[in-house]
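Inside the fold
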Amino acid sequence: MERTPIPVLTVQTAPYEDQRPTGGGGLRRPTALFESQRNYLPNFVQSLLSSIDLRDRQGCTMVVGSDGRYFSKTAIEIVVQMAAANGIGRLVIGQNGILSTPAVSCIIRKIKAAGGIILTASHSPGGPGGEFGVKFEVANGGPAPDIVSDKIYQISKTLEEYAICPDLRVDLSRLGRQEFDLENKFKPFRVEIVDSVDIYLNLLRNIFDFNAIRNLLTGSNQIKIRIDAMNGVMGPYVRKILCDELGAPANSAINCVPLEDFGGQTPDPNLTYATALLEAMRGGEYGFGAAFDADGDRYMILGQNGFFVNASDSLAIIAAHLSCIPYFCHTGVRGFGRSMPTSTALDKVAKVMKVPVYETPTGWRYFSNLMDSGRCSLCGEESFGTGSDHLREKDGLWAVLVWLSILAARKQSVEEIVRDHWAKFGRHYYCRFDYEALEPRTAYFIMRDLEALITDKSFSHQQFAVGNNIYSVERTDSFEYVDPVDGTVTKRQGLRIIFSDASRLIFRMSASSHVRATLRIYAESYEKDPSQHNKEPQAVLSPLIAIALKISQIHERTGRKGPTVIT
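Quick look at the structure, then. (Residues numbered from 1 in each chain as written. Predicted model: local features only at pLDDT ≥ 70, side-chain atom pairs only at ≥ 80, totals over all residues. Heavy atoms only, no water.)

1. Examining unusual backbone geometry
Residues other than glycine seldom take positive phi values, yet alanine 437 does so here, at roughly 55 degrees. Structurally, the position occupied by alanine 437 is in strand β19 (residues 427–438). Despite not being glycine, glutamine 553 has its phi angle at roughly 55 degrees, a positive value. Here glutamine 553 shows up in the loop between α18 (537–552) and α19 (554–558). According to the relative accessible area criterion, glutamine 553 is partly exposed, its value standing at 33%. (Helix = DSSP H or I, 4+ residues; strand = E, 2+ residues; numbered from the N terminus. Buried < 20%, exposed > 50% of the residue type's maximum accessible area, 1.4 Å probe, protein only.)

As structure tokens, this is what we get:
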């Protein structure tokens, strides 16, 4: 019996003025806005698809995945229907719509797709009262560069119609190929539902020594691990890779069922939100702990008794141990990248290894350019994102497997490895204060006035006395980045105060927030003397924080008594 072709409809719509993607081609908004505003999601999806040149779009392959949050399945259906109507030839989708951000990047690169769409709001809460997002990955498997984000926004402001096949229905649970005949299309539209883990797992097998990790987790001197997927996308990956493939006991993995509301928790792997893992690690039973965010690109590492490894230290320690990873023994190490707010611990390692460090704005798209040009092998951000040139996204599970590889090679505890690193390179005391949900105008004026203050000539070489500490300003600036690959200049990426003892204060507005603003203060102080490495970061950094609060007047101007989150 001949199938009736599915009609392709053109729907009239009106543009929205607020669909400017934030860094990396992503639109993140309250879920209620996507559900209540007429055509809000179709408008953005059409703008995204229209940003791909027509000749590149016709018949191409794209990858689609989600972190499983509320509204994902509805959104995937709309994305599929619109992709078909806009001439996409094939979609590759994770089973049940589930694909981690690193897995999407992996599949795009493996099958040479034109790009991908990830439905995620990263570490933001889920459920009807949470947030939802749409993120565009380009053909290299990385976040869309600013030129693409700008193009999407320009299209969105004048959009009058979108194309859709509303009668097209895909079974996301059934592995394999599904084909659909469309009106006025010569070739059928294909959807391939793939196992969410397998392609990514095969990539990891070619990077790591799985036998060494398996022996660490199952051998005579095995280490007990505790891995928290925080009810996000990483549950299936943790179970299949760490438990089934590498032999960790099934009860090592917790919160491994992806839930639409992440179990009512915020899927953000830090000491504020990963409290269940922290309490379990404090008991001393487990030697290694890790947590992942909703879409699997961020991670946190804990050692026995809850010993916390900050993300900047983790990046530097990984850099110092790349020889433990077969992949880097084959490819060599060409350079390192870190976001400007990330501590300079990585720079110390790079100096010893005689490789360059690229200091970029926050946002993985800046690293993608460096990796594509062969300049960079390892990159990281202080917000618990680390990755290498195996992909063009940060990769939480990759970072955890690097740590397990280091433990297998060193035969020491997490804490011993970190303390040895400090003894060799010095300790970078570091913390971040997040002031979330600020009124945007208030946050803007705080940053504007602060920039005027610190860039005035009278501020340079100023001294601040706090208790027994005296800090002399060496230089200040509003950070700007000149891409060494294409010469693109990115300005106003955060305010920096660098003191004569190499301490740093950084002020930065977060680019991923909407409606309300987030202002972040970063403090860093370097200590070479091993006898001074056992202090509490807050105690060491309190004089710097006092300076930051004084010159920004953030408490007085916001009415806050302290930050929302301290990392």
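2. Focus on the sheet that holds strand β16 (residues 357–360)
Taken together, four strands build an open sheet; the order of strands is β16-β15-β17-β18 and the sheet is mixed. The sheet is open, and its two borders are formed by β16 and β18 (385–388), each paired with just one other strand. Along the sheet, successive strands turn relative to each other by an average axial angle of 15 degrees, direction set aside. Here strand β15 (residues 336–339) runs beside strand β17 (residues 378–381); their pairing, made up of three bridges, is parallel. (Pairing = 2+ DSSP bridges. Axes fitted to C-alpha atoms, helices over the stretch in contact; angles between N-to-C directions.)

3. Observations concerning empty space enclosed by the protein
Left-over empty space is what a probe sized like a water molecule reveals as it rolls over the atoms. For the structure on display, the rule yields two cavities of 30 Å³ or more. A volume near 50 Å³ is recorded for the largest cavity. If you go around the largest cavity, the residues you meet are Phe308, Asn310, Ala311, Glu382, Phe384, Tyr430 and Thr567. Its residues placed into classes, the lining of the largest cavity shows four nonpolar, two polar and one charged. Approximately 30 Å³ is the volume found for the second largest cavity. As for the second largest cavity, its lining consists of Leu49, Met62, Val63, Val64, Val79, Ala83, Leu91 and Ile117. Contributions of two or more residues to the lining of the second largest cavity are made by β3 (61–66) and α4 (72–85). In terms of residue class, the lining of the second largest cavity is built from eight nonpolar, no polar and no charged. (1 Å grid on protein atoms, 1.4 Å probe; cavity = no way out; pocket = protein on both sides within 12 Å on 5 of 7 lines; lining within 4 Å. Points joined across faces, edges and corners; volume = space filled by probe spheres on them. Nonpolar A, V, L, I, M, F, W, Y, C, P; charged D, E, K, R; others polar.)

4. Description of the side chain of arginine 508
Looking at the secondary structure, you find arginine 508 in strand β25 (residues 504–509). The buried charged residue arginine 508 lacks any salt bridge, with glutamate 382 as its nearest oppositely charged partner at 5.2 Å. Only 3.5 Å separates the side chain of arginine 508 from the side chain of threonine 362, close enough to count as a polar contact. At a separation of 3.2 Å, a polar atom in the side chain of arginine 508 contacts the side chain of tyrosine 522. (Lys, Arg positive; Asp, Glu negative; His and termini not counted. Salt bridge = Lys/Arg side-chain N within 4 Å of Asp/Glu carboxyl O. Polar contact = N/O pair within 3.5 Å; in protein donor to acceptor, adjacent residues only side chain to side chain.)

5. As for helix α2 (residues 40–50)
By the criterion of burial, α2 is predominantly enclosed, with 10 of the 11 residues buried. Every buried residue of α2 is accounted for by Tyr40, Leu41, Pro42, Asn43, Phe44, Val45, Gln46, Ser47, Leu48 and Leu49.

6. A word on the pattern of salt bridges
Inspection of the entire model under this criterion finds 32 salt bridges. As a salt-bridge pair, aspartate 293 and arginine 298 come within 3.8 Å of each other at their nearest N and O atoms.

7. Observations regarding the environment of isoleucine 152
Looking at the element boundaries, isoleucine 152 is found in helix α6 (residues 146–158). Looking at isoleucine 152, the relative accessible area reads 0%, which means it is buried. For the pair isoleucine 152 and arginine 410, spaced 258 residues apart in sequence, the C-alpha to C-alpha distance is 48 Å. Look past the residues within four positions of isoleucine 152 in its chain and what remains in contact with it is Pro21, Phe44, Ser47, Leu48, Ser51 and Phe136. (Contact = heavy atoms within 4.5 Å.)

8. Quick word on the layout of surface pockets
The computed volume of the second largest pocket comes to approximately 490 Å³. Along its surface, the second largest pocket is lined by 23 residues, and Phe308, Arg427, Lys535, Glu536 and Pro537 are the ones closest to its centre. Of the residues forming the lining of the second largest pocket, the biggest block, five residues, is contributed by β19. Looking at the lining of the second largest pocket residue by residue, the class counts come to 11 nonpolar, six polar and six charged.

9. A word on helix α13 (residues 345–353)
For α13, the full list of buried residues reads Ala345, Leu346, Val349 and Ala350. Seen end-on, α13 carries its buried residues on one side only, within an arc spanning 135 degrees. Just beyond α13, the residue with positive phi is lysine 354, at close to 60 degrees. (Arc of directions from axis to C-beta.)

10. So, the packing of aromatic side chains
Enumeration over the complete set of coordinates arrives at 15 aromatic pairs. Ring geometry for tyrosine 16 and tyrosine 40: centres 4.9 Å apart, planes at 65 degrees, overall edge-to-face. One end of the pair, tyrosine 16, is in the loop between β1 (9–12) and β2 (26–30); the other, tyrosine 40, is in helix α2, with 24 residues separating them in the sequence. Judged by centre distance (6.2 Å) and plane angle (55 degrees), the rings of phenylalanine 308 and phenylalanine 384 are tilted. Placement of phenylalanine 308 in strand β14 (residues 307–309) and of phenylalanine 384 in the loop between β17 and β18 is noted, with a sequence separation of 76 residues between them. The rings of Tyr16, Phe34, Tyr40, Phe71 and Phe132 are connected pair by pair, giving a single aromatic cluster. Positioned above the aromatic ring of tyrosine 526, the side-chain terminus of lysine 348 is 4.1 Å from the ring centre. Cation over ring: arginine 427 sits above tryptophan 422, and NZ or CZ is 3.9 Å from the ring centre. (Phe/Tyr/Trp six-rings, centres within 6.5 Å; stacked < 30°, edge-to-face > 60°. Lys NZ or Arg CZ within 6 Å of the ring centre and 35° of its normal.)

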